[in-house]
Amino acid sequence: MKSIIVCASTHHGNTRKVADAIAKECNVEVVDAVAVREKDLSDYDLIGFASGIYGAKFHRAVIDFAAKNLPNDKKIFFLSTSAMNMDFTKSMDSGLTGKNAEVVGKFSCNGYNTFGPFKLIGGTSKGRPNEEDLKNAVEFYKNMIEKL
Ligand SMILES: Cc1cc2nc3c(=O)[nH]c(=O)nc-3n(C[C@H](O)[C@H](O)[C@H](O)COP(=O)(O)O)c2cc1C
């Protein structure tokens, strides 16, 4: 199975840690959507979109990457880290319109956050993602591809 994770992780590199943990164990490529705007994804069987959450949304670079580069009829999954660890994947909708993508998995965990006033109190979720989060992410990925 040829698999890639399209990632934007601009705050503390939290989401990149999650993507890299999966990549290291599971033979998955990672591409930085902030640096790379265009890529042919037609050869990939599975495409992940990974992002920190900014204003309740996936990073604009990831949404735009999907809109521009995601071929039709692909299997996709989402990874995110955020302060609130909620499901923010709805924010990807505008990048997926008309693509007939099949969402086969979602993983999220807390990520260290020093945005705005949180900086004054030393941030929230310090040390996250931690080893346990990374282990859970790898497990999530392995379970997901086993079912495909
Ligand atoms: C500008 C900005 C806005 C943020 N907005 C949210 C938000 O709306 N909801 C949330 O749960 N976390 C929010 N966060 C926290 C980040 O999502 C969290 O720290 C995440 O782990 C950052 O990932 P990264 O290091 O991969 O960029 C925000 C952080 C920043 C810097």
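Refer to the preceding data block for the structure.
Computed from a predicted model, the values in this text were never measured in an experiment.

Peer 1: Break down the site of the ligand for me, citing the residues and quoting the values.
Peer 2: Lining the immediate surroundings of the ligand are 21 residues, of which Ser9, Thr15, Ile53, Tyr54 and Thr81 lie closest. At a separation of 2.8 Å, an oxygen atom of the ligand approaches a polar side-chain atom of Asn14. The contact in question runs from a nitrogen atom of the ligand to an N or O atom on the backbone of Gly55, over 3.0 Å. Contributing elements (two or more residues each) for the shell around the ligand: helix 1 (14-26), strand 3 (46-54) and strand 5 (75-82). For the shell around the ligand, the element with the most residues is strand 3, which contributes three residues. Class assignment of the residues belonging to the shell around the ligand gives a composition of eight nonpolar, 13 polar and no charged.

Peer 1: Could you give me a rundown of the side chain of Asp133, with the residues and numbers involved?
Peer 2: The topology assignment puts Asp133 in helix 4 (residues 131-147). Separated by 2.6 Å, the side chains of Asp133 and Arg128 make a polar contact. Dropping the residues within four chain positions of it, Asp133 is found in contact with Phe107, Cys109, Asn110 and Arg128.

Peer 1: Describe the nonpolar core, listing the residues and the values that go with them.
Peer 2: Formed by 22 residues in total, the largest nonpolar core has its most connected members in Ile47, Phe49 and Met92. Where this core is concerned, the elements lending two or more residues are strand 1 (3-8), strand 3, helix 2 (60-69) and strand 5. It is helix 2 that contributes the most residues to this core, five residues altogether. Excluding its chain neighbours within four sequence positions, the residues that come into contact with Met92 are Phe49, Phe58, Val62, Ile63, Ala66 and Phe78. Core analysis: the second largest hydrophobic core is formed by 20 residues, Ala19, Ala50, Tyr141 and Met144 among them.

Peer 1: Got a sec to walk through the packing of aromatic side chains? Specific residues and values, please.
Peer 2: Following the criterion strictly, the structure yields four aromatic pairs and no others. With 6.2 Å between their ring centres and 55° between their planes, Phe77 and Phe140 make a pair best called tilted. In this pair, Phe77 sits in strand 5 while Phe140 sits in helix 4, placing the two residues 63 residues apart along the sequence. Looking at Phe77, the relative accessible area reads 0%, which means it is buried. An aromatic cluster is present here, built from Phe77, Phe107, Phe140 and Tyr141 joined pairwise through their rings. Above the plane of the ring of Tyr44 lies Lys2, whose end atom (NZ or CZ) is 4.5 Å from the centre.

Definitions and limits used
Residues numbered from 1 in each chain as written. Predicted model: local features only at pLDDT ≥ 70, side-chain atom pairs only at ≥ 80, totals over all residues. Heavy atoms only, no water. Near = heavy atom within 4 Å. Polar contact = N/O pair within 3.5 Å; in protein donor to acceptor, adjacent residues only side chain to side chain. Helix = DSSP H or I, 4+ residues; strand = E, 2+ residues; numbered from the N terminus. Nonpolar A, V, L, I, M, F, W, Y, C, P; charged D, E, K, R; others polar. Contact = heavy atoms within 4.5 Å. Core = buried A, V, L, I, M, F, W, Y, C linked by side-chain atoms within 4.5 Å. Buried < 20%, exposed > 50% of the residue type's maximum accessible area, 1.4 Å probe, protein only. Phe/Tyr/Trp six-rings, centres within 6.5 Å; stacked < 30°, edge-to-face > 60°. Lys NZ or Arg CZ within 6 Å of the ring centre and 35° of its normal.

Purely geometric numbers; function is a separate question.
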